[in-house]
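Each chain, letter by letter, is given below.
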Amino acid sequence: MPLGPSDVFWIGVAPSVAAAIAMLVACRLRMRPTATWSTSVACGLIAGMVAQNVRVGWHTALEKLLHPHAAIDWLPWLVLVAAGISMLAAYAPRSWQRWLVALASVFAIAVPLRLLANNASAMSRWSLGEKFGILAFWSAAFALWWLTFALGRHNRQPLVRGGLLVVVALGISLTVAASGALTLGELGGAAAAALLGATGSASALGRIADGPSSAAGPLAVMLGSLILLGYSYELTATNAALLAISLTAAAGWLPKLPLPLGRSSAVAGEGWGEGILRATLALVPLAIAVASAITTALADIYG
Amino acid sequence: MIKRLWTNAWLQFALAVSIITAAAAPTARAADVFDLDQSHCSIVFSVSHMNMSYTYGMFRQAQARITLDRENPAATQFQMTINAESIDTNNPGRDSHLKGPDFFDTATYPAITFESTTVVLDSRPQQGVIYQVTGNLTMHGVSRQVTLPIQLLGEGPGPDGKAHAGFLTQTELKRSDFGMTKFVENKMVGDAIGITVSFEGIKQEPGAVQSR
């Protein structure tokens, strides 16, 4: 389905510009890196989610934001809380850190709980044991994403990670949309646009060294939620797993491996070998998932 | 003795007259309760596609109860619950899409319900018995008050020997009023939905009616 100029503006331009402006303002206020990136990415993501409904009307957008019904309506609030926790972590004293880790862990349970609680069909199908098991699985996934994204800063290469995240977000968008959930697919596009705006603005302002690891919370919540919700609808388990691997590899922490080190630069980080490995681990499963979903969609259309 | 016999006879006569009178007196008539005849229920909708054609679909599963009070039409009640997952537009791919988050989101909102609050009898000579039924229609998690003109098409014994009553209603709704806004802005899929519901109810025996 082709996107019109209105769709490109609201889902692409609006979140990108919102993220860029938020990055500029946060830098001017001399906020700490985690707070800067979290603010920028969260502003872009929330702007994209609201803009998606603004296409229908401001009243509809406001109604969905203030009176969330479906799981997807809760995403802006979940991203906002994740950003809040990240900002708290940026300014809290060291003695508070373990409490903040505990808070993030509790939130990692709250996110899938909030998203799955609205699924009346699944809730009536699953036994109590299944509910606990599924909640535990997704809670662990969200916690892992948050942790590994945050630790990814030790690998440096912020432009590589940022760029790969943009591509992965686009891939999630295509896969979920081709699986039959266009609404979720559009949010993936908005996420990619927000990341692009934040990364581009940070590059221009010389704040790229911190990279998307500083926005680990909002990114983990947003992109992880798209995979969870996609799987709740028509996304196959295989494609969901491939997207999860791709997402983790794109921005997560990679262990030190004896890879051939090429020319290194202040921006590239430690070496091209690590960048190539990361790109391979992120893009190969992504390509398989996207191709699989699109092929299935075309087969449905043409019989 | 004769006096006692005469008194007994009068007592017996009076008792007999009382019994006959009680049997002949009209009793207060309770409302008739009809449960949906599953095999005679059609819930059909139509929606514009790109302003080029209309796509028709139906819901295959529903439950309904009609409490028909002919002596006090205001006490008549209509209740219907439609299984949103039973949607059928003769295209499995489109049906999956309709059940997804872009439209009905049946995982979150598996049922469409209507519950009447006010019923007004609006009989017309050429159209017969029509009930103007105001009630709460809940769809996609949104409840709105709607007024449906429900026409009583006919009553009588069905092939099963039980009393049947048949109804028809037609209306038009905006899906955006119920939070289903996908493709409204670009008119890919129309906002106005034409709805036709026709169904029969099977009269329930008074003792067999159970609360729902």
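Per chain, residue numbering runs from 1 following the sequence as it is written. Here every chain gets a letter starting at A, and every ligand a number starting at 1, in the order they are written. Residues qualify for local features only when their pLDDT is at least 70, as the model is predicted, and side-chain atom pairs are given and counted only at 80 or more; totals for whole chains, interfaces and linings, by contrast, use all residues.

By our criterion, buried Ala, Val, Leu, Ile, Met, Phe, Trp, Tyr and Cys residues that link up through C-beta atoms within 7 Å make up a nonpolar core. Partly exposed residues are those whose C-beta has more than 12 but fewer than 20 other C-beta atoms within 10 Å; 20 or more makes a residue buried and 12 or fewer makes it exposed, with C-beta atoms placed from the backbone. Judged by nonpolar contacts, the single largest core of 95 residues is most densely connected at V41(A), L45(A), V79(A), A169(A), A191(A), L195(A) and L223(A). Runs of E in the DSSP output that reach at least two residues are strands. Runs of H or I that reach at least four are helices, and both are numbered from the N terminus. In terms of residues, this core owes the most to one element, helix α9 (residues 182-205) of chain A, which gives 12 residues. Any two residues are considered in contact once their C-beta atoms, placed from the backbone, lie within 7 Å. If we skip the residues at most four places from it in the chain, A191(A) touches L45(A), G48(A), A169(A), M222(A) and L223(A). By size, the runner-up hydrophobic cluster in this structure holds 32 residues, among which are I43(B), F114(B), V119(B) and V133(B).

All names here are of chain A. Mean pLDDT over chain A stands at 89; residues scoring 70 or higher make up 93%. The pLDDT value expresses, per residue, how confident the predictor is, ranging between 0 and 100. Ranking the elements of chain A by mean pLDDT puts helix α6 (residues 120-125) last with 85 and helix α11 (residues 237-251) first with 95. In the predicted structure, residues 263-268 sits below a pLDDT of 50 and forms 7 contacts with residues beyond four places in sequence or in another chain.

All names here are of chain B. For two strands to be treated as a pair, DSSP must find no fewer than two bridges joining them. Sheet topology places strand β1 (residues 32-49) next to strand β10 (residues 189-203); 11 bridges connect them, and they run antiparallel. Its bridge partner being in β10, V44 is matched across the sheet by T196. The pairing of strand β9 (residues 163-174) with β10 spans 11 bridges and is classified as antiparallel. Its bridge partner being in β10, H164 is matched across the sheet by I202.

All names here are of chain B. The alternating pattern of strand β3 (residues 62-68) places A62, A64, I66 and L68 on a buried face and Q63, R65 and T67 on a face that is not buried. Of the pairings in the sheet, the one linking β1 to β3 comprises 4 bridges and is antiparallel in character. Note on β3: the bridge partner recorded for V33 is T67. Bridge analysis of β3 against strand β4 (residues 77-83) gives 6 bridges, and the strand direction is antiparallel. Bridge pairing links Q63 to T81 in β4.

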